[in-house]
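Residues per chain, in single letters:
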Amino acid sequence: MEKLSYLFFIVTLFSNCTQQTPKKDYPIQPISSQEVELTDNFWSKRIATNRDVTIPYCFEKCEETNRISNFEVAGGLKEGTFEGIRFNDSDVFKIMEGAAYSIQQKYDPKLDKYLDDLIAKIAAAQEEDGYLYTIRTIKGDSAMTRSEGNERWKEVRNHSHELYNVGHMYEAAVAHFQATGKTNFLDVAIKNADLINSIYGPDKRHDAPGHQEIEIGLAKLYQTTGEKKYLDLAQFFLDERGKSDIRDYRSTNKWENGSYWQDHKPVVEQTEAVGHAVRAVYMYSGMADVAALTGNQQYIDAINTIWENVVGKKYYITGGIGAMYEGEAFGENYQLPNHAYNETCAAIANVFWNHRMFLMKGESKYIDVLERTLYNGMLSGISFEGNTFFYPNVLEFDGVNKFNQGDFTRKPWFNCSCCPSNISRFIPAVPSYMYAQSGKDIYANLFMDSKTNFIIDKNNFTIEQETKYPWAGSVKFKISTKNTVDFNFKIRIPGWANNQPVPSDLYSYLNESQKQVHLFFNNKPVDIETSNGYISIQKNWKEGDVVELVLPMEVRKVVPHENVKEIAGKIAIERGPIVYCAEQVDNPDGVLNKTVSLETQFKSNFESKTLDGVVKLESEEGLKMVPYYSWSHRELGEMAVWFRME
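Residues numbered from 1 in each chain as written. Predicted model: local features only at pLDDT ≥ 70, side-chain atom pairs only at ≥ 80, totals over all residues. Heavy atoms only, no water.

Peer 1: Can you break down the overall build of the chain residue by residue, with the values?
Peer 2: Across its full length, the chain holds 16 helices and 24 strands. For 646 residues, the compact-globule estimate of 2.2 N^0.38 gives 26 Å, and the C-alpha radius of gyration of the chain, at 24 Å, lies within 12% of that figure. On the principal axes, the C-alpha backbone points of the chain span a range of 70 × 60 × 45 Å. Of all 646 residues assigned to the chain, the portion counted as buried reaches 62%. Restricting the contact set of the chain to residue pairs at least 6 apart, pairs at least 24 apart contribute 70%. Per element, the accessible surface of the chain, about 24600 Å² overall, is 46% carbon and sulfur. Across the chain, the 70 positively charged side chains and the 87 negatively charged ones have centroids separated by 2 Å. (Helix = DSSP H or I, 4+ residues; strand = E, 2+ residues; numbered from the N terminus. Rg over C-alpha atoms; globule rule 2.2 N^0.38 Å. Buried < 20%, exposed > 50% of the residue type's maximum accessible area, 1.4 Å probe, protein only. Contact = heavy atoms within 4.5 Å. Areas by Shrake-Rupley, 256 points an atom, 1.4 Å probe, with all protein chains shown as cover. Lys, Arg positive; Asp, Glu negative; His and termini not counted. Charge placed at Lys NZ, Arg CZ, Asp CG, Glu CD.)

Shown next as structure tokens:
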């Protein structure tokens, strides 16, 4: 209690001194994971593993690989040389962000102290004017390579990652401040942002960051401090794209015309997702932030168009994006090979983007994309143990190709370890995607056994979910309140439950389900009407009210659009939000040549001791399948998501 009182005092003091409430914001606001108590047997285990294994493990690897030592050397705390890659600073910042979320959910004094000690090292590494880029501070300009930038800011538009690194620092500093009330990390971030703001602007230096991320961090700094200069700088960086004198905009080569960096056109003129996927989707997220905070309709129109392009032509059935190994990039329209790149970081970025789109527009199609990515293309990126990772996420494996940065299966670390560090900050934030609120509208977006706190008109109340989702389709919402409370409860009906696997014609089900979604209020059936994908129940809610949503958990056969040539004539299998694959460990004669007919029927069975507890499928012909996210946890062998149609 003393710690909470201290935190309240510090946050209030900082607010009174520096904060101004932003005039515009997302019209819908997420309910913080701090308000959610997970009691399920799916995500709560993963969050606990992230807290107990992944975060400590990632910090340990950062120490082993001298990512943390670089800050000490740069700060004069020890002798040494720079070790690693120029963007390794960002891995430390991302893990710190995850640690802050973890502390917010379950206080850990040892982790709190570890963060304070680490912040002191980062502060020491910061140069007097606020500059923070350990490789330059240690090596000096003369020893820097061209891609590192042999003077400050020179290589920002391409490869230096000077601004990318600190963008992640801003996000981590805001998360740390929100979790602890301390400003020690936020002070470092603000000092750096003020330096960059003094260098860049309409009458100053002009550059578009080569790897987008600072735009997101600056928006968070603005929301935290109320200092509009940070929001203006975020928009400035976005508006600088497509205006470089070092690009050849007449060229069709992505390296020459800047399309690899999304620097080939002004952002408001871009209509197709091109280039490096993570860069692109961080940019779309930054555009959404700036649009929400300024009301910039041109940004909104642009990302609406790009979103339609991604979901309609460049989106994997597993929720992955970024098909190409070359450049970790989006392919051409409908270019979706099974030997996909599908970087784990890109899946995480896609969740960020779609959540922002929902917060702007309140349409369930964005959560449909978010959920598919969350349960499949993102979750496959980390093992159940929490200490091995996929960088790419293929949809087919021959048992031989070392597709994962030189390995057959998940690896404990990478030379470029953006994915493990990104996962460490993403997993603890998952509960914040469950609910959202706009005035008296409460949105239930994701389904997890849980208890969540809300407040409307000074009435505190909770909504408890009882569910075994994603394995079972029943979701009960129980209201607990001392006083009756008036709100509009908007419950999402997933697209897959309405015969639409994704919100486009990129994929479709072979046969429409005849099973219906059912809704009950206090055990009485209720007619279902939806708007923007949500059921709305407006009433004065009282203690003990119960809404039950029943979704049809059928095994469904998915086929691709005819233009997706790499998987033409093939079928994928899914059940609820889960995409399935077949592994050779369950099918000893191999899976790459397996077929599925239109008439093939599958039986489903929950096996609590298999793969951390999953529903397995088996066809009449003996084809055994497991959730895609769970593959590569057992013996080495073939894996397939798509099967020839018989």
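The discussion continues.
Peer 1: Help me get a handle on the packing of aromatic side chains, residues and values and all.
Peer 2: Throughout the structure, instances matching the rule amount to 46 aromatic pairs. Ring geometry for Phe 42 against Tyr 375: centres 5.5 Å apart, planes inclined by 45°, an arrangement best described as tilted. Of this pair, Phe 42 sits in the loop between β2 (36–38) and α2 (43–64) while Tyr 375 sits in helix α15 (residues 364–378), and the two are 333 residues apart along the sequence. Neither residue differs from the other here; Phe 42 and Tyr 375 are each classed as buried. Sitting over the face of the ring of Trp 261, Arg 247 holds its NZ or CZ atom 4.3 Å from the ring centroid. (Phe/Tyr/Trp six-rings, centres within 6.5 Å; stacked < 30°, edge-to-face > 60°. Lys NZ or Arg CZ within 6 Å of the ring centre and 35° of its normal.)

Peer 1: Give a description of unusual backbone geometry that names residues and reports values.
Peer 2: Each neighbour pair has its own omega, and for Tyr 469 with Pro 470 the value is 15°, a cis peptide bond. Tracing the backbone shows Pro 470 in the loop between β7 (459–467) and β8 (474–481). Of note, the phi angle at Glu 328 is positive, near 50°, even though the residue is not glycine. Locating Glu 328 in the fold gives a position in the loop between α13 (297–313) and α14 (344–361). Even without glycine at this site, Lys 458 takes up a positive phi of about 65°. Inspection of the secondary structure puts Lys 458 in the loop between β6 (450–456) and β7.

Peer 1: Run through the sheet that holds β8, naming residues and quoting values.
Peer 2: Strand order across the open sheet formed by 7 strands is β2-β6-β7-β8-β15-β11-β12, with antiparallel pairing between neighbours. The outermost strands of the open sheet, each flanked by one partner alone, are β2 and β12 (524–525). Sheet topology places β8 next to strand β15 (residues 546–550); 5 bridges connect them, and they run antiparallel. Counted as the bridge partner of Phe 477 is Val 547 from β15. (Pairing = 2+ DSSP bridges.)

Peer 1: Could you give an account of helix α5 (residues 109–125), with specific residues and numbers?
Peer 2: Compared with the 24 Å implied by 1.5 Å per residue over 17 residues, the 25 Å span of α5 between its first and last C-alpha is a close match. Among all positions of α5, only Leu 111, Asp 112, Leu 115, Leu 118, Ile 119, Ile 122 and Ala 125 are buried. All buried residues of α5 lie within an arc of 130° about the axis, which places them on one face of the element. Turned more than 90 degrees away from the buried face of α5, the exposed residues are Pro 109, Lys 110 and Lys 113. N-cap assignment for α5: the residue whose side-chain oxygen lies 3.0 Å from the backbone N of Lys 110 is Asp 108. (Expected span 1.5 Å × (residues − 1). Arc of directions from axis to C-beta. Polar contact = N/O pair within 3.5 Å; in protein donor to acceptor, adjacent residues only side chain to side chain.)

Peer 1: Summarise a negative patch on the surface; cite the residues concerned and give the values.
Peer 2: Judged by side-chain charge, Glu 599, Glu 620, Glu 621 and Glu 646 come together as a negatively charged surface patch. Structurally, Glu 599 is set in the loop between β19 (595–596) and β20 (602–607). On the basis of relative accessibility, which here comes to 57%, the residue Glu 599 falls in the exposed class. (Patch = residues over 30% accessible without salt bridge, like charges linked within 9 Å, V, L, I, M, F, W, Y side chains within 5 Å. Salt bridge = Lys/Arg side-chain N within 4 Å of Asp/Glu carboxyl O.)

Geometry only, nothing functional implied.
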